[in-house]
Amino acid sequence: MHTVRDVVQRFYRALSESDVDALSALLTDDFEGTVSAGMPHGVGGEHHGRVAMITGVWGRIAAAYDVDVVPGEYLGADADGGRMVVLGNYRGRARDAPERVDAAFAHVITVENGQITALQQITDTVRWHIPA
């Protein structure tokens, strides 16, 4: 059985490698995502299902930005189910504009039976809109 931390670390690896198959395998069919209001390209809000999150949020952001998701600190459960809070930073730039991104984040990730059932993203959305 994988610990929550194992699953969460695999999630960040899949994000960094843009591995859609790995992301799809890690998220449950009924995955619930909450993205901070004010995120660019209208991706803020509630997203129901893994496809909605992968294509409607991460896909849209990846199309517009070259941004690394850099986890820094893992806090919370390290058993086979539960919640973990990950503190980190988004770093990069817009693909077609001088816009730079350097924004802290907190992700509250819920894991059950080796898969992610929910993710709540908290970030300073203003830092996504500051020109270089």
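Reading the values: rules and limits
Numbering of residues begins from 1 in every chain and follows the order in which that chain's sequence is written. This being a predicted model, a pLDDT of at least 70 is required before a residue's local features are given, and a value of 80 or more before pairs of side-chain atoms are given or counted; all residues contribute to the totals for chains, interfaces and linings. Working from all heavy atoms in the structure, the side-chain values ignore hydrogens and water. To qualify as a helix, a DSSP run of H or I must reach at least 4 residues; to qualify as a strand, a run of E must reach at least 2; elements of each kind are numbered from the N terminus. Every helix has an expected span of 1.5 Å times one less than the residues it contains. When checking whether two residues touch, look at their non-hydrogen atoms; a contact exists if any pair is within 4.5 Å. A pair of strands counts as paired when DSSP detects no fewer than two bridges linking them. To get an axis, a line is fitted to the C-alpha atoms, and for a helix only the part in contact is used. The angle between two axes follows their N-to-C directions and goes from 0 to 180 degrees. The bend at a residue is defined as the angle formed between two axes, one fitted to the seven residues ending at that residue and one fitted to the seven starting there. When accessible area is computed with a 1.4 Å probe and restricted to protein chains, residues below 20% of their type maximum are described as buried, those above 50% as exposed, and intermediate ones as partly exposed. The definitions used throughout rest on a 1 Å grid laid over the protein atoms alone, on which a cavity is an enclosed set of points accommodating a 1.4 Å probe that cannot get out and a pocket is an open set flanked by protein within 12 Å on both sides along at least five of seven lines; lining residues are those having an atom within 4 Å of a point. Grid points are joined across faces, edges and corners, and a volume is the space filled by probe spheres set on the points. Only Asp, Glu, Lys and Arg are considered charged in this grouping, and only Ala, Val, Leu, Ile, Met, Phe, Trp, Tyr, Cys and Pro are considered nonpolar; every other residue, Gly among them, is considered polar. Residues enter a nonpolar core if they are buried and are Ala, Val, Leu, Ile, Met, Phe, Trp, Tyr or Cys, with the set joined through side-chain atoms within 4.5 Å.

Participant: Can you tell me about helix α1 (residues 4-16), naming the residues and giving the values?
Facilitator: The end-to-end C-alpha distance of α1 is 19 Å, a good match for the 18 Å that 13 residues give at a rise of 1.5 Å each. Those residues of α1 hidden inside the fold are in contact with α2 (20-26), α3 (50-64), β3 (65-76), β4 (82-94), β5 (100-112) and β6 (115-123). At the exit of α1 stands S18, carrying a positive phi of roughly 50°.

Participant: Go over the sheet that holds β6, please, and point to the residues and values.
Facilitator: On the basis of which strands lie adjacent, the open sheet formed by six strands has the order β2-β1-β6-β5-β4-β3 and mixed pairing. Of all the strands in the sheet, just β2 (45-48) and β3 have a single pairing partner and so form its edges. Neighbouring strand axes in the sheet, compared pairwise and without regard to direction, differ in orientation by 20° on average. Inspection of the sheet shows β5 paired to β6 by eight bridges, in the antiparallel sense. Of the residues in β6, the one forming a bridge with H107 is Q121. Across the sheet, α1 touches β3, β4, β5 and β6, and the angle it forms with β5 is around 140°. Along the sheet, α3 makes contact with β1 (27-35), β2, β3, β4 and β6, crossing β1 at roughly 50°.

Participant: Before we move on, could you go through α3 and cite the residues and values that matter?
Facilitator: With 15 residues, α3 extends 20 Å from end C-alpha to end C-alpha; this agrees with the ideal 21 Å at 1.5 Å per step. Its maximal kink placed at W58, α3 deviates by approximately 30°. Within α3, burial applies to M53, I54, V57, W58, I61 and A64.

Participant: An account of unusual backbone geometry is requested, with residue identities and associated values reported.
Facilitator: With a phi close to 60°, H41 is a non-glycine residue in the positive phi region. Residue H41 is classed as partly exposed on the basis of its relative accessible area, which comes to 42%. Backbone geometry places N113, a non-glycine residue, at a positive phi of 50°. Along the polypeptide, N113 turns up in the loop between β5 and β6. Overall, N113 belongs to the exposed group, its relative accessible area being 70%.

Participant: Residue-level account of the layout of surface pockets, with values.
Facilitator: The volume enclosed by the largest pocket comes to roughly 550 Å³. Taken together, 28 residues make up the lining of the largest pocket; nearest its centre are L15, W58, A62, V67 and V69. For the lining of the largest pocket, the secondary-structure elements that each account for two or more residues are α1, α2, α3, β3 and β6. If you tally residues by element for the lining of the largest pocket, the top one is α3, at seven residues. Within the lining of the largest pocket, the residues separate by chemical class into 19 nonpolar, five polar and four charged.

Participant: Go over the nonpolar core, please, and point to the residues and values.
Facilitator: A general feature of soluble globular proteins is that nonpolar side chains tend to end up buried together. Ranked by internal contacts, the top residues of the largest apolar core, which has 35 residues, are V8, F11, Y12, W58, I109 and W128. Going through the elements one at a time, α1, α2, β1, α3, β3, β4, β5 and β6 are the ones with two or more residues in this core. Ranked by residues supplied to this core, first place goes to α1 with seven residues.

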